Amino acid sequence: MPTITIASAEMSASRQRAVALTITRWLADHDVQARHVVVQFETADEQRVLAGGWPVASLPPRPAEGDLRHASVVCCISPERDEEFRAALAARIAHALGVTERTAFFYLEFRTASPSDVYIAAAGPLHRSDRPVGA
């Protein structure tokens, strides 16, 4: 159950949906059930996100209108996913967010979570993600 948390400047609901769909479709093309993908968005204040001790709002280069200024991403995935998968997923997320050479700061971290350590309830009872409902 990949879970991706994206913290950035505020995004419109339609932009969030577009980013989430792009990531979900990529994961579905790589043998992940789309209904298992969770993408969360958090708004991060440019004055309260510091890189190298400086607020990202003060970092060059200056973005063009509509450019992504900054984002921090945490991806929780299975420890069984290899480096090739991680690199490709990182590239897909960066692309979906619109990371360019004008993006002042972009950070993406992978954290592993074994399916046996994840519990979910989605229109049904709570269960471990590595077991069918009712097991």
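Structure report, in brief. Model, not experiment: these values are computed from the prediction.

### Observations regarding the pattern of salt bridges
Considering all chains together, one arrives at 5 salt bridges under this definition. For R111, the salt bridge is made with E109, and the minimal N-O distance between the two is 2.9 Å. Take E109: its relative accessible area is 24%, and that puts it in the partly exposed class. A salt bridge links D130 to R128; its shortest N-O distance comes to 2.8 Å. The network of salt bridges with common partners includes D67, E101 and R102.

### Points about the environment of G98
Take G98: it is sitting in the loop between helix 2 (83-97) and strand 6 (105-112). For the pair G98 and D67, spaced 31 residues apart in sequence, the C-alpha to C-alpha distance is 7.0 Å. In contact with G98, other than residues within four places in its own chain, are R15, L68 and T103.

### What to know about the layout of surface pockets
Taken as a whole, the largest pocket holds about 530 Å³ of empty space. As for the largest pocket, its lining consists of 24 residues, and the residues nearest its centre are M1, P2, Q33, H36 and S129. Looking at side-chain class alone, the lining of the largest pocket contains 12 nonpolar, 6 polar and 6 charged residues. Approximately 190 Å³ is the volume found for the second largest pocket. A class-by-class count of the residues in the lining of the second largest pocket yields 4 nonpolar, 4 polar and 4 charged.

### Some remarks on the side chain of T5
Inspection of the secondary structure assignment puts T5 in strand 1 (residues 3-8). A distance of 3.2 Å separates the side chain of T5 from the side chain of Q40, its partner in a polar contact. Once residues within four sequence positions are removed from consideration, T5 is found in contact with Q40, E42, S72, V73 and V74.

### Points about helix 2
The end-to-end C-alpha distance of helix 2, which contains 15 residues, comes to 21 Å, matching closely the 21 Å that a straight helix rising 1.5 Å per residue would cover. Turning to helix 2, its buried residues number three or more, namely F85, R86, L89, A90, I93, A94, A96 and L97. Along helix 2, the residues classed as buried sweep out an arc of 165° about the axis, all on the same side. Exposed side of helix 2, more than 90 degrees from the buried face: E84 and H95 are the residues found there. If you check the start of helix 2, you find a side-chain oxygen 3.3 Å away from the backbone N of E84, and it comes from D82. Just beyond helix 2, the residue with positive phi is G98, at close to 85°.

Scoring rules and cut-offs
- Residues numbered from 1 in each chain as written.
- Predicted model: local features only at pLDDT ≥ 70, side-chain atom pairs only at ≥ 80, totals over all residues.
- Heavy atoms only, no water.
- Salt bridge = Lys/Arg side-chain N within 4 Å of Asp/Glu carboxyl O.
- Buried < 20%, exposed > 50% of the residue type's maximum accessible area, 1.4 Å probe, protein only.
- Helix = DSSP H or I, 4+ residues; strand = E, 2+ residues; numbered from the N terminus.
- Contact = heavy atoms within 4.5 Å.
- 1 Å grid on protein atoms, 1.4 Å probe; cavity = no way out; pocket = protein on both sides within 12 Å on 5 of 7 lines; lining within 4 Å.
- Points joined across faces, edges and corners; volume = space filled by probe spheres on them.
- Nonpolar A, V, L, I, M, F, W, Y, C, P; charged D, E, K, R; others polar.
- Polar contact = N/O pair within 3.5 Å; in protein donor to acceptor, adjacent residues only side chain to side chain.
- Expected span 1.5 Å × (residues − 1).
- Arc of directions from axis to C-beta.

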